[in-house]
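Take a look at the letters that make up each chain.
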Amino acid sequence: MKVSLQPALNDGNLDANQPNSQRQLGISISAIAETQDRHVPLNLCLILDHSGSMNGRSLETVKKAANRLVDRLNPGDRLSVVVFDHRAKVLVPSQSVEDPEKIKNQINRLAADGGTAIDEGLRLGIEELAKGKKDTVSQAFLLTDGENEHGDNNRCLKFAQLAASYSLTLNTLGFGDNWNQDVLEKIADAGLGTLSYIQKPEEAVDEFNRLFSRIQTVGLTNAYLLLSLMPHVRLAELKPIAQVSPDTIELPLQQEADGRFAVRLGDLMKDAERIILANIYLGQLPAGEQAIANVQVRYDDPAANKVGLVTPNIAVYAHVVKNYQADPNPQVQQSILALAKYRQTQLAETKLQQGDRSGAATMLQTAAKTALQMGDTGAATVLQTSATQLQSGGDLSESDRKKTRIVSKTVLQDTPPQ
């Protein structure tokens with residue numbers, strides 16, 4: 001397994017006469033499969049809400065979706081199942097999947113009762129997932145249909161950050177319309193996973209399958225982007241780094257002992273791009289080809305039982321010219337639009353929380369136009385519909401708010417297997 005690492009500036013030319021310039025550095029990163037690569041075992045934990053509100057069709061479809069995943073696991077893959085209401089328990093301890101029918105029988109006996117304590121489920125799920133993390137792709141699916149009424153949302157975020165420190169990926173699935181999108185998004189973002197919305201019970205099987213198909217393509221784990229900047233080049237002070245594909249996430253930075261910036265990427269999928277966007281400022285540079293940054297990826301290869309591997313350092317150059325003409329890069333421009341769509345939608349949500357309905361509608365319209373610019377017609381429709389609803393004096397339903405959040409974060413449409 002190898003790493004593809006491709007940096008590019010949104011505009012490769014710089015004006016030699018300008019004392020300061022701003023550029024967006026887009027970095028595409030993916031795992032490249034090779035014919036001799038062996039299968040990497042999966043280590044999956046299902047963290048499932050079985051509170052009283054899940055009673056009936058909701059819980060039955062979730063059990064069906066979980067059983068389908070058990071059937072798709074290969075010998076050597078690991079599974080654990082944690083369930084929670086106002087308490088949490090380990091239903092299926094972390095184990096190699098050797099008796100699928102026994103596991104499915106345990107899942108099928110699950111009944112709905114009690115309240116909701118997401119943090120306790122998350123705590124036990126991380127413990128079970130950590131037991132099988134060596135030389136595996138380790139991911140969790142956390143599903144809930146409610147607020148964390150018996151738990152602590154700050155504790156949820158601390159557990160998500162703990163999972164990240166263990167190189168575990170957390171995916172969150174909101175079921176129905178009564179879950180807290182802010183909490184589930186923060187958990188998924190901290191765990192570098194995906195936030196999903198299951199609006200109707202019958203969508204559960206397809207959404208589980210879609211996420212499972214994605215994790216089956218993971219080839220490398222515990223990846224970090226390492227970024228060093230030349231003199232007279234600096235990162236923006238506010239929100240300097242974001243991921244824009246497959247999901248939009250504001251990413252934290254940490255500084256290595258050697259002064260380089262490190263950005264955690266988590267799992268890298270085979271032949272599927274992870275795209276990072278860095279906002280940089282450049283001082284005046286002399287004419288000619290000027291190196292402005294170096295990028296490198298550090299990663300683990302579980303198939304080869306190797307950790308701490310690094311790609312060659314790749315230099316990023318700008319073409320500094322005295323007679324400036326823009327040289328735009330269409331791919332990086334697309335990434336800039338994706339991030340703008342997300343941030344415009346976030347601003348709209350903030351204005352709505354402040355009671356500024358007109359301002360929220362205007363920002364949603366702006367986000368809809370941005371989505372159209374990038375060819376994301378599905379998001380444009382959802383965002384414009386929400387804007388129109390506010391302009392006409394209506395309120396956004398919980399379903400509207402959740403759809404808006406989801407389409408702001410991603411344009412990736414995976415097709416579940418039939």
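Everything below is about the structure shown above.
Residues numbered from 1 in each chain as written. Predicted model: local features only at pLDDT ≥ 70, side-chain atom pairs only at ≥ 80, totals over all residues. Heavy atoms only, no water.

Chemist: Summarise helix H10 (residues 398–409); cite the residues concerned and give the values.
Modeler: With 12 residues, H10 ought to run about 16 Å at 1.5 Å a step, and its terminal C-alpha atoms sit 17 Å apart, in line with that. Inspection of H10 places Ser399, Lys402, Thr404, Arg405, Ile406, Val407, Ser408 and Lys409 among the buried residues, and these make up the whole buried set. Tucked into the core, H10 has its buried residues touching helix H5 (181–190), strand E9 (195–198), strand E13 (249–250), helix H7 (330–353), helix H8 (357–373) and helix H9 (377–391). (Helix = DSSP H or I, 4+ residues; strand = E, 2+ residues; numbered from the N terminus. Expected span 1.5 Å × (residues − 1). Buried < 20%, exposed > 50% of the residue type's maximum accessible area, 1.4 Å probe, protein only. Contact = heavy atoms within 4.5 Å.)

Chemist: For the pattern of salt bridges, give the residues involved together with the corresponding values.
Modeler: A full pass over the atoms with the stated rule returns 24 salt bridges. For Glu120, the salt bridge is made with Arg155, and the minimal N-O distance between the two is 2.6 Å. With Glu120 in helix H3 (residues 118–131) and Arg155 in helix H4 (residues 153–165), this residue pair connects regions lying 35 residues apart in the sequence. Ionic pairing is found between Lys341 and Asp376, a salt bridge with its closest N-O pair at 2.9 Å. Remark: Asp376 occurs in the loop between H8 and H9 and Lys341 occurs in helix H7; sequence separation between them is 35 residues. A relative accessible area of 2% places Lys341 in the buried class. (Salt bridge = Lys/Arg side-chain N within 4 Å of Asp/Glu carboxyl O.)

Chemist: Can you lay out the nonpolar core for me, pointing to particular residues and giving the numbers?
Modeler: If you look at the biggest cluster of nonpolar residues, it comprises 37 residues, and the most contacted ones within it are Leu46, Leu48, Leu79, Val81, Leu143 and Phe208. With residues up to four places along the chain from it excluded, the contact list for Phe208 reads Leu46, Leu48, Ala65, Ala66, Leu69, Phe141, Leu143, Leu173 and Ile198. Ranked by size, the runner-up nonpolar core spans 36 residues in total, among them Val3, Ile249, Val295 and Val320. (Core = buried A, V, L, I, M, F, W, Y, C linked by side-chain atoms within 4.5 Å.)

Chemist: Outline the packing of aromatic side chains, supporting the account with residue identities and numerical values.
Modeler: All told, the structure shown has 2 aromatic pairs when counted by the stated rule. Centre to centre, the rings of Phe141 and Phe208 are 5.8 Å apart; their planes meet at 85 degrees, and the pair counts as edge-to-face. Remark: Phe208 occurs in helix H6 (residues 204–216) and Phe141 occurs in strand E7 (residues 137–144); sequence separation between them is 67 residues. Each member of the pair Phe141 and Phe208 is classed as buried. Taking 5.8 Å as the distance between ring centres and 55 degrees as the angle between the ring planes, the aromatic pair formed by Trp179 and Tyr197 counts as tilted. You can see Trp179 sitting in the loop between strand E8 (169–175) and H5 and its partner Tyr197 sitting in strand E9, a full 18 residues away along the chain. On the accessibility criterion, Trp179 (2% relative accessible area) is buried. (Phe/Tyr/Trp six-rings, centres within 6.5 Å; stacked < 30°, edge-to-face > 60°.)

Chemist: A description of the pairing of strand E15 (residues 261–269) should follow, citing residues and the corresponding values.
Modeler: In terms of burial, E15 is a largely internal element, 8 of the 9 residues being buried. Here strand E10 (residues 218–229) runs beside E15; their pairing, made up of 7 bridges, is antiparallel. Counterpart to Leu220 in the pairing with E15 is Leu268. In this sheet, E15 lies alongside strand E14 (residues 254–255) in antiparallel orientation, the contact comprising 2 bridges. Paired with Gln255 across the two strands is Phe261, which belongs to E15. Taken together, E14 and the strand that follows it, E15, pair antiparallel across an intervening segment of 5 residues, in which Gly259 is found at a positive phi of about 95 degrees. (Pairing = 2+ DSSP bridges.)

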